[in-house]
Amino acid sequence: MSIPSTPPAPPPAPVPAPSADGPVAHGPEIPGLLEAFWAYETALMADDLPMLDTLFAPGPDTLRGDAAGLLRGHDAISAFRGGRGGAPARRIVALEVRALGAERAAVVATTELLRGGRGQQTQVWRRGEDGWKVAVAHVAVAAPALDRRIWRVVGDPLLPSSRPPGEGPGSLDGESIAVKDVIAVEGQRLGGGSPALLDRARPAPRHAAALQTLLAAGAEVRGIAATDELAYSLAGTNHHYGTPPNPRAPHRISGGSSSGPASAVSLGHASIGLGTDTGGSIRVPAAFQGLWGLRPTYGAVSREGVLPLAPSFDTVGLLTRDPALLARAATVLLPEPASVLEDPVLRPVPGLEHLLDGEVAGTLDSTLRRWSAAARLEAAAPLAPEELESWAEAFRVLQAREAWAAHGGWVRAHREALAPDVGARFDAAASLTPADEEAARAVRTRAVDAISARLADGVLVVPAASSVAPLLHEAAAGSPVLEGHRARTLRLTCLAGLAGLPAVAVPLSTAPTPGGPALPTALTLVGPPGSDLALIRLAARLEGGFA
């Protein structure tokens, strides 16, 4: 016996659109609504920011969402629009209107981008004394086939594992690697985040040694991922290719210079990020995107086939979403551990607190209280501000001198092709003298002794970054916000860099606030040379991971 179905409701009557070029709107006729909608659409296509601000409801409860994340409040939405440089050109091809009560209505528009592809926009409008305003909006567009903010080249896979079938399963079978574009991939050009460098590059004759080791363990290459230009930044805001997205902290920067691998891993495009860390380029994106990261003991992982920045600091490191995979990949790359860390003392370093924003300082305090239940805590000797300042300056000078030695000739010939912020760093590097370098090396020698004394038989606990990821609209390359973050963060990251010590970034979250969600941050565990694997195990134990 068939069950009679409910007769379908009659279709809503079409309402003529106020725009002569627009489609017929289907739904009830609501006075003033479509006029406001078309005014918004006209303002959007003209990037008329004052009009867009007028047509969005004021106050902290207004919402705008898209694939990148949710913006809360009129001010945040306005700042986003002001920093994006306009919306892609589009036309409205279908329009539906529904009443949601006497003073509210929904408008759903099907959009067609002029560059190709369709999308959809859903808005909830609210009527007040000054007319209709958008209270909630959600925008959906077709995803790009290749997001060049993240990938320079990508495949599924780009390159298979090199493990011979007869050798049985490998420890990294099924894992995929996002390779930072300073690490050679056989048959592919190395771009270093610079279109000018890429244009003149030849295909690499062989894989970088670290990549070859991972491929031999069963992993495959998903693609070649973005980096800051010549890896000379901590932000991820590449002037030429754009800023890779940060899915864990939408509308905030990704962190650099291993920004592409970090975003690829955070988005689930790859399971392992293979990057480099000179002054924090693994640790900072790990902190900004809630990832596990390893800067290994200096020299423990081969740098053969890696574009240098500052060879006495450069390391090849890893990013993953969980500590178990970080340990597996590190076990493949690293030699037998030189240190096992038998019940180490955790040593936070007094004197770093003034470098931290309040939310990061609060996370440091709460995490140390939590970790004290599983490990012994004992503060290291305090660091005086002037001592730390001299260490950071020595790091800056040595990094700059080595970067100029590696790239100065190329930079002289292509200075106009560099992004303003990266070019300014190379200009400063060119002005340094051998005497500056000699003085900095003397400071480094004293710093290594002082850092080793503070480490003693324990593990230093150092924040991975001075703040959470800055907002995109505040973090244009070279902006005061970004340069201030870089200066403060380098004072934290230089401890492991100067002494060549391994550092594991442990992802954490700040406390949520009434005005926003919790955001990613990280602490690093810095151990003695060769303690890399033991540090990962310790970090996982402290965070309730594998034993």
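Calculation notes
- Residues numbered from 1 in each chain as written.
- Predicted model: local features only at pLDDT ≥ 70, side-chain atom pairs only at ≥ 80, totals over all residues.
- Heavy atoms only, no water.
- Helix = DSSP H or I, 4+ residues; strand = E, 2+ residues; numbered from the N terminus.
- Buried < 20%, exposed > 50% of the residue type's maximum accessible area, 1.4 Å probe, protein only.
- Contact = heavy atoms within 4.5 Å.
- Lys, Arg positive; Asp, Glu negative; His and termini not counted.
- Charge placed at Lys NZ, Arg CZ, Asp CG, Glu CD.
- pLDDT = per-residue confidence, 0-100.
- Salt bridge = Lys/Arg side-chain N within 4 Å of Asp/Glu carboxyl O.
- Pairing = 2+ DSSP bridges.
- Axes fitted to C-alpha atoms, helices over the stretch in contact; angles between N-to-C directions.
- Polar contact = N/O pair within 3.5 Å; in protein donor to acceptor, adjacent residues only side chain to side chain.
- Left-handed = near helix turned anticlockwise from the far one by under 90°.
- Nonpolar A, V, L, I, M, F, W, Y, C, P; charged D, E, K, R; others polar.
- Phe/Tyr/Trp six-rings, centres within 6.5 Å; stacked < 30°, edge-to-face > 60°.
- Lys NZ or Arg CZ within 6 Å of the ring centre and 35° of its normal.
- Parallel < 35°, antiparallel > 145°, perpendicular 65-115°, else oblique.

A. Examining the overall build of the chain more closely. In terms of helices and strands, the chain carries 14 helices and 18 strands. Based on the C-alpha atoms only, the size of the chain along its principal axes is roughly 80 × 65 × 55 Å. For the chain, the residues scored as buried account for 54% of the 547 residues in total. In the chain, the share of contacts with a sequence separation of at least 24, taken over all contacts with a separation of at least 6, comes to 70%. Computing the positive centroid from 48 side-chain charges and the negative centroid from 55, the chain places the two 2 Å apart.

B. Looking closely at the confidence of the model for the chain. Mean pLDDT over the chain stands at 93; residues scoring 70 or higher make up 95%. Predicted confidence for residues 1-20 stays below pLDDT 50, and this span has 23 contacts to residues more than four positions away or in other chains.

C. The arrangement of the pattern of salt bridges in detail. Within this structure, the stated rule accounts for 30 salt bridges. Notably, a salt bridge pairs R163 with E167, separated by 3.8 Å at the nearest N-O pair. In this structure R163 comes out as partly exposed when scored by relative accessible area, which is 23%. R370 is paired through a salt bridge with E543; the nearest N and O atoms lie 2.8 Å apart. With R370 in helix α9 (residues 358-371) and E543 in the segment after α14 (532-542), the pair connects residues that are 173 residues apart, well separated along the chain. Exposure remark for E543: the relative accessible area of 27% places this residue in the partly exposed category. Members of the salt-bridge network, linked through shared partners, are R401, E402, E437 and R441.

D. Highlighting the sheet that holds strand β16 (residues 459-463). With mixed pairing, 10 strands are arranged side by side in an open sheet as β9-β11-β10-β12-β14-β13-β17-β18-β16-β15. Sheet topology places β9 (151-159) and β15 (346-348) at the edges, where each strand pairs with a single neighbour. With strand direction ignored, the average angle separating the axes of adjacent strands in the sheet is 25°. Against the sheet, α14 contacts β13 (292-295), β15, β16, β17 (503-509) and β18 (520-526), and its axis sits at roughly 15° relative to β17.

E. Inspection of the side chain of T276 at higher detail. Within the secondary structure, T276 sits in strand β12 (residues 272-277). Within the structure, the side chain of T276 is placed 2.7 Å from the side chain of K180, a separation counted as a polar contact. Not counting residues within four places of it along the chain, the set of residues in contact with T276 comprises K180, V182, I183, S258, S281, I282, V306, T315, V316 and G317.

F. Main features of unusual backbone geometry. Note that the residue after D156, namely P157, is joined by a cis bond; omega there is 0°. Tracing the backbone shows P157 in strand β9. A cis amide bond links G256 to the next residue, S257, at an omega of 5°. Mapped onto the elements, S257 comes out in the loop between β11 (220-225) and α6 (259-267). The phi angle at L230 is positive, at roughly 55°, despite the residue not being glycine. Structurally, L230 can be placed in the loop between β11 and α6. L230 gets classed as buried once you look at its relative accessible area, which sits at 2%.

G. Local environment of helix α8 (residues 323-333). Residues of α8 that are buried include every one of P323, L325, L326, A327, A329, A330 and L333, and no others. The backbone nitrogen of A324 lies 3.1 Å from a side-chain oxygen of the residue at the head of α8, namely D322.

H. Examining the packing of helix α5 (residues 209-216) against α8 more closely. Closest axis-to-axis distance for the α5/α8 pair is 9 Å, and the angle between their directions is 115°. Where α5 crosses over α8, the handedness of that crossing is right-handed. In this structure, α5 uses A210, T213 and L214 to contact α8, whose residues at the interface are A329, V332 and L333. Of the residues that constitute the contact of α5 with α8, the class distribution is five nonpolar, one polar and no charged.

I. Layout of the packing of aromatic side chains. For the structure shown, the criterion picks out five aromatic pairs. When the centroid spacing of 5.2 Å and the interplanar angle of 80° are considered together, the rings of F37 and W38 count as edge-to-face. Neither residue differs from the other here; F37 and W38 are each classed as buried. With a centroid separation of 5.0 Å and 75° between ring planes, the pair formed by Y232 and F426 is classed as edge-to-face. Placement of the pair is Y232 in the loop between β11 and α6 and F426 in helix α11 (residues 420-430), with a sequence separation of 194 residues. Using a relative accessible area of 0% as the deciding quantity, one classes F426 as buried. One aromatic cluster in this structure is built from Y232, W404 and F426. The positively charged end of R81 is found above the aromatic ring belonging to F56, 4.7 Å away from the centroid.

J. Main features of the environment of A392. Structurally, the position occupied by A392 is in helix α10 (residues 385-414). The class for A392 is buried, based on a relative accessible area of 10%. Spatially, the C-alpha atoms of A392 and L495 are 8.5 Å apart, while their sequence positions differ by 103 residues. Those residues in contact with A392 that lie beyond four places of it in its chain are R491 and C494.

K. How the structure looks around the packing of α10 against α11. For the pair α10 and α11, the least separation of the axes is 9 Å and the interaxial angle reads 110°. Relative to α11, the element α10 is oriented roughly perpendicular. Along the contact surface, α10 presents A400, A403, W404, H407 and V411, while α11 presents F426, A429 and A430. Residues of the contact of α10 with α11, tallied by class, amount to seven nonpolar, one polar and no charged.

L. Local environment of the pairing of β13. Of the two faces of β13, the one holding W292 and L294 and the one holding G293 and R295 are both buried throughout. Here β13 runs beside strand β14 (residues 315-320); their pairing, made up of three bridges, is antiparallel. From the neighbouring strand, G293 faces β14, where its bridge partner is L319. With three bridges joining them, β13 and β17 adopt antiparallel strand pairing. Counterpart to R295 in the pairing with β17 is A503.

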